[in-house]
Amino acid sequence: MKTNLYFHQAMHKIITVAFAGLFGVYCFFSGVKEVKAEKAENFEPVLRFAVCSDVHLSNQDDGPQNGEKFRKMFSVAYDFAAKSDYKGLDAVLVAGDMTDSGKAEEYEIYRDITKECVKEGTQLLTVMGNHEHIEYRDTTAPEKAIEVFKQYVSDEVDFHKVIGGYHFIGVSYDASGKEEFKTKTEWLRAELDKAVADTGDKPIFVMQHPHPALTVYGSVNWANMDIRLVLKDYPQVVDFSGHSHYAPNDPRSIHQSTFTAIGSGGIKGTMGNLSYISGDEYGDGETGTFWLCEVDKDGNVRLRLYDLISDCFFEDIDYLLKDVGNKKRRVYTFSRMMAQDTAPIFPDEAKISADVNDEGELLISFPEASGYYRAENYKITLSSNGETVENKVVLSDYTRATDFEKTVNFGELKAGQYTVKIRAFSPYAKLGDTLEWGFEVDDSGRVDTAAASVAEVKK
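Residues numbered from 1 in each chain as written. Predicted model: local features only at pLDDT ≥ 70, side-chain atom pairs only at ≥ 80, totals over all residues. Heavy atoms only, no water.

A. Representation of the overall build of the protein. The secondary structure content of the protein amounts to seven helices and 24 strands. Projected onto its principal axes, the C-alpha positions of the protein cover 70 × 50 × 45 Å. The 459 residues of the protein split such that 57% are buried. Long-range pairs, those at least 24 residues apart, make up 69% of the contacts in the protein between residues at least 6 apart in sequence. Looking at the protein as shown, the accessible area adds up to about 19,100 Å², and 48% of this sits on carbon and sulfur atoms. In the protein, 51 positive and 74 negative side-chain charges are present, and the distance between their average locations comes to 6 Å. (Helix = DSSP H or I, 4+ residues; strand = E, 2+ residues; numbered from the N terminus. Buried < 20%, exposed > 50% of the residue type's maximum accessible area, 1.4 Å probe, protein only. Contact = heavy atoms within 4.5 Å. Areas by Shrake-Rupley, 256 points an atom, 1.4 Å probe, with all protein chains shown as cover. Lys, Arg positive; Asp, Glu negative; His and termini not counted. Charge placed at Lys NZ, Arg CZ, Asp CG, Glu CD.)

B. Inspection of the packing of aromatic side chains at higher detail. Applying the stated criterion across every chain yields a total of 24 aromatic pairs. Judged by centre distance (5.1 Å) and plane angle (70°), the ring pair of phenylalanine 70 and phenylalanine 74 falls under edge-to-face. Of this pair, phenylalanine 70 and phenylalanine 74 both sit in helix α2 (residues 63–82), four residues apart, which is roughly one turn of the helix. The two residues phenylalanine 70 and phenylalanine 74 agree in class, both being buried. Note on tyrosine 217 and tyrosine 246: the rings are 4.8 Å apart at their centroids and 50° apart in plane angle, and the pair reads as tilted. Of this pair, tyrosine 217 sits in the loop between β7 (211–212) and β8 (223–224) while tyrosine 246 sits in the loop between β9 (237–241) and β10 (254–256), and the two are 29 residues apart along the sequence. Per residue, the accessibility class of tyrosine 217 equals that of tyrosine 246, and both read buried. Taken together, Phe49, Tyr166, Phe168, Phe205 and Phe240 form an aromatic cluster joined through their ring pairs. In this arrangement the basic side chain of lysine 202 is found over the ring face of tyrosine 166, its NZ or CZ atom lying 4.2 Å from the centre. (Phe/Tyr/Trp six-rings, centres within 6.5 Å; stacked < 30°, edge-to-face > 60°. Lys NZ or Arg CZ within 6 Å of the ring centre and 35° of its normal.)

C. View of the sheet that holds strand β3 (residues 123–126). The strand order β3-β2-β1-β14-β15-β16 describes an open sheet built from six strands, whose pairing is mixed. Each edge of the open sheet is held by one strand with a lone partner, namely β3 and β16 (312–321). On average, each strand axis in the sheet is tilted by 20° relative to the strand beside it, whichever way the strands run. Two strands pair when backbone bridges link them, and strand β1 (residues 45–52) and strand β2 (residues 91–94) are joined in this way by four bridges, in the parallel orientation. Among the inter-strand pairings, phenylalanine 49 is bridged to a residue of β2, identified as alanine 91. Packing of α2 onto the sheet brings it into contact with β1, β2, β14 (289–296), β15 (301–307) and β16, and relative to β14 it is tilted by some 30°. (Pairing = 2+ DSSP bridges. Axes fitted to C-alpha atoms, helices over the stretch in contact; angles between N-to-C directions.)

D. The arrangement of helix α5 (residues 185–199) in detail. Between its first and last C-alpha atoms α5 spans 21 Å; for 15 residues at 1.5 Å apiece the expected length is 21 Å, and the two agree. Among the residues making up α5, those that are buried are Thr185, Leu188, Glu191, Leu192, Ala195 and Thr199. Along the axis of α5, the buried positions cluster into a sector of 130°, meaning they face one direction only. Every exposed residue of α5 that faces more than 90 degrees away from the buried side is listed here: Glu186 and Ala197. (Expected span 1.5 Å × (residues − 1). Arc of directions from axis to C-beta.)

E. Representation of the pattern of salt bridges. Inspection of the entire model under this criterion finds 26 salt bridges. Residue glutamate 38 is joined to lysine 322 by a salt bridge in which the shortest nitrogen-to-oxygen separation is 3.2 Å. Of this pair, glutamate 38 sits in the loop between α1 (2–29) and β1 while lysine 322 is found in the loop between β16 and α7 (334–339), placing the two residues 284 residues apart along the sequence. Overall, glutamate 38 belongs to the partly exposed group, its relative accessible area being 38%. Put simply, lysine 232 and aspartate 233 hold a salt bridge, and the shortest N to O gap is 3.0 Å. For aspartate 233, a relative accessible area of 38% gives the class partly exposed. Through salt bridges with shared partners, a single network forms among Glu38, Lys322, Asp323 and Arg329. (Salt bridge = Lys/Arg side-chain N within 4 Å of Asp/Glu carboxyl O.)

F. The sheet that holds strand β21 (residues 405–409), seen in detail. Spatially, β17-β18-β21 is the arrangement adopted by the three strands of the open sheet, whose pairing is antiparallel. This sheet does not close on itself; its edge strands, each paired only once, are β17 (353–356) and β21. Strand after strand, the sheet turns through a mean of 25° between neighbouring axes, direction not considered. Pairing analysis gives five bridges linking strand β18 (residues 362–367) to β21, with the strands arranged antiparallel. Following the sheet pairing, proline 367 is matched in β21 by glutamate 405.

The structure is reproduced here in structure tokens:
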């Protein structure tokens, strides 16, 4: 377990530093320049749309639950529009994996929900994800996945629409079922050329299921290079992708270089990765998010992220993209977002509490740490009499907009004296405070709170 802990720590730090260098060099030679962020004050939209991905509808497991969150997205977006000066919800974008395996009965659920929820004046734009191919990709007719999509969703597997004077382009995987776009890149480039010829430097909104490689959080192992190699030539592009389910509130989930890339998280749930390569982990409890996007008359784009479980926006996620087509005015580059990062700290009066559940397992709860960004993960060491009992690497609860306490299960512990050390790490692997607490487990397996020490924050 200790080896795994050190592996995650080392890989997180090494790859973060490598990315900073790689993206810095790439931006320099690509003519990308950084500018300071501006607040979206007095923003007056003329276009509004919602973006989600990875709904995973089915009649099994959490499928029905996912359906309720999907319905809620429509309700929230329409309610927001109704309370705004600009009343429109012009489009809803679904970036793939709306079904769990591409079965007809799952598409029926998608069709029924969208028929029920989409109102007049809203265009529903959908692309296929890898899960739409699962039922058919290992058969002699993998192209049937396309036929089922056309039967229940749209005749257009790929689309190019103009809404409110702005171009929206969506591209699905090809019919091979191998998660490829090689046969689609010429089409995508041709459609982008048409959009540029029509609207110049105005934003062009693009959507596909996987992340463009080496852009947003998750684009190491849940990505496609063919898409990136096309989009890099179009600075006007604002691209939305899913696939990884990685937390869209993480600062790495927005990436500006030669184009703008946005990670969409997931309706099913959002997760993190503790070393970029391995360690995918969902946030505790229910999670689920969607982006609400607005465009003003000058082509400025405002992005806000909604937490469907906490039923509110993430207060610190309010991105303003100005002069989108000008790569010499980039705000959300990897290096700039990383430069803002500070070591996460625990509250001065941080307290740790312990409880035992019905199975006799010890639950330890502690307040979340924050710096400029909320802590992304914790490295936790439990020891007794100087000997390590367990090491844990756990994702923080930053996947939720309002959850600021973390609870960790340590299982059943033998009677004895214990010390727990909790080290907080930022999204960019910056080590923050250590929270330390000593406690005693009695013969009944319960914590003797009277004998417990006061939690101590060590800088």
